[in-house]
Amino acid sequence: MKIRIGVGDVPERGAADDPGLGGLAADLEARGIDSLWLSDLVSAPGSVDPLVGMAYAAGRTERLKLGTGVLVLPGRNPAVVAAQLAGLAALAPRRVLPVFGVRPARRGDRPVFPVDGGRAEVFEEALQVVRALLTRPSVTHRGRFFTFEDASVAPLPAKPLDLWLGGRVPAAMDRIGRLGDGWLAGTITPADAETGRERILAAADRAGRTIDADHYGTYLTIVPDDAPERTVDALLTRLRADRPDVADPRDLVCWSWDDAREHLRRFIDAGLSKFVVRPAGRVTSRPAWLDAFAAELLPVENH
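Everything numeric here is computed off the predicted structure, so don't read it as measured data.

The rules behind these values
- Residues numbered from 1 in each chain as written.
- Predicted model: local features only at pLDDT ≥ 70, side-chain atom pairs only at ≥ 80, totals over all residues.
- Heavy atoms only, no water.
- Buried < 20%, exposed > 50% of the residue type's maximum accessible area, 1.4 Å probe, protein only.
- Helix = DSSP H or I, 4+ residues; strand = E, 2+ residues; numbered from the N terminus.
- Pairing = 2+ DSSP bridges.
- Right-handed = clockwise from strand over helix to strand, strands pointing away.
- Axes fitted to C-alpha atoms, helices over the stretch in contact; angles between N-to-C directions.
- Parallel < 35°, antiparallel > 145°, perpendicular 65-115°, else oblique.
- Left-handed = near helix turned anticlockwise from the far one by under 90°.
- Contact = heavy atoms within 4.5 Å.
- Nonpolar A, V, L, I, M, F, W, Y, C, P; charged D, E, K, R; others polar.
- Arc of directions from axis to C-beta.
- Salt bridge = Lys/Arg side-chain N within 4 Å of Asp/Glu carboxyl O.

## What about the pairing of strand 10 (residues 182-185)?
Burial along strand 10 is two-sided: the face carrying G182 and L184 and the face carrying W183 and A185 are both buried. Here two bridges tie strand 9 (residues 164-165) to strand 10, and the two strands are oriented parallel to one another. Counted as the bridge partner of W164 is G182 from strand 10. Handedness of the crossover joining strand 9 and strand 10 through helix 5 (residues 170-179) is recorded here as right-handed. Of the strand pairs in this sheet, strand 10 and strand 11 (residues 216-222) are connected by three bridges, and their pairing is parallel. What sits directly across from A185, in strand 11, is T218.

Here's what the structure looks like:
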């Protein structure tokens, strides 16, 4: 499997809410880091729409891959999303990595993405529309939630984009097997990764589909040594709420670079090979954090 490790947002203490996206993208490319992943956080200070951010970062780099982690699809017009992805793929060929999710990570963002109907049903139909528009010159679609007559986007990507999905619950794993090209998880354990991967493979087999062996990944959150106590407490509180089934929420994050390498090893043993690493909260120095990332984790990648 091709092991690759990218980076999420790396906010710096004392910096303004300006995301500094151009500088971050350039810093990643200069260090030979594989990819940058932008979250869909409408109400978060300093956040930027992931598709807008990807376009901006693409113009500041030449090799850096750019992903959404994850883009909320229900509540967006799927034809517009397909057109945006087609444009990005033309501007940055082979560098665009879309990952879609059913609902916003922040409860406060959920009213921003209203849907008429069940979110899962809207998501599945919207995903099928996106895929059709990105692979066919003309699409006529008459579904429960969307209707298009001879719709098209241009230019069509020369190579079809892989459409990855997020999620953790069994229904999400089944959906990935039926409709997705890969899995990017968040807040999981290596045991979750192994179980989820097996369920995805079973669902894909039932649907007569195959998913590439190296199209499974997850986020890793690293707690900096000097993270303020309130930041750690807030993180653990969120993890307890999100994963009440996990006995110790501290097991869901990494507490040092050594711990991060151990997490990576266990996830790789479970069948994952793509990773997005981010700090828990703001770091004292972004350049120093990225230097440590490159020194400590990039040797884990294979070539």
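## Describing the packing of helix 3 (residues 78-91) against helix 4 (residues 119-135)
Packing of helix 3 against helix 4 brings their axes to within 9 Å, and their N-to-C directions diverge by 40 degrees. In this view, helix 3 runs oblique relative to helix 4, as classed from their interaxial angle. Along this stretch, helix 3 crosses helix 4, giving a crossing that reads as right-handed. Contact with helix 3, carried on its side by P78, A79, V81, A82, L85 and A86, involves A126, V129, V130, L133 and L134 of helix 4 and no other residues of that element. Class assignment of the residues belonging to the contact of helix 3 with helix 4 gives a composition of 11 nonpolar, no polar and no charged.

## Points about helix 1 (residues 21-30)
L21, G22, L24, A25, L28 and E29 are the residues of helix 1 that are buried. Viewed along the axis of helix 1, the buried residues span an arc of 165 degrees, placing them on a single side of the element. Packed against the buried residues of helix 1 are strand 1 (4-7), strand 2 (35-38), helix 2 (50-60) and helix 9 (286-296). Looking one or two residues beyond helix 1, the residue adopting positive phi is G32, at roughly 75 degrees.

## Examining the pattern of salt bridges
Going through the model one piece at a time under the given rule, you end up with 22 salt bridges. Two residues, D34 and K65, come together in a salt bridge whose shortest N-O distance is 3.0 Å. With D34 in the loop between helix 1 and strand 2 and K65 in strand 3 (residues 65-68), this pair connects stretches of sequence that are 31 residues apart. In this structure, R265 and D269 form a salt bridge, with 2.9 Å as the shortest nitrogen-oxygen distance. Of this pair, R265 and D269 both sit in helix 8 (residues 257-269), four residues apart, which is roughly one turn of the helix. Residue R265 is classed as partly exposed on the basis of its relative accessible area of 43%. Judged by its relative accessible area of 58%, D269 falls in the exposed class. Sharing partners across several salt bridges, the network here consists of D27, R31, R286 and D291.

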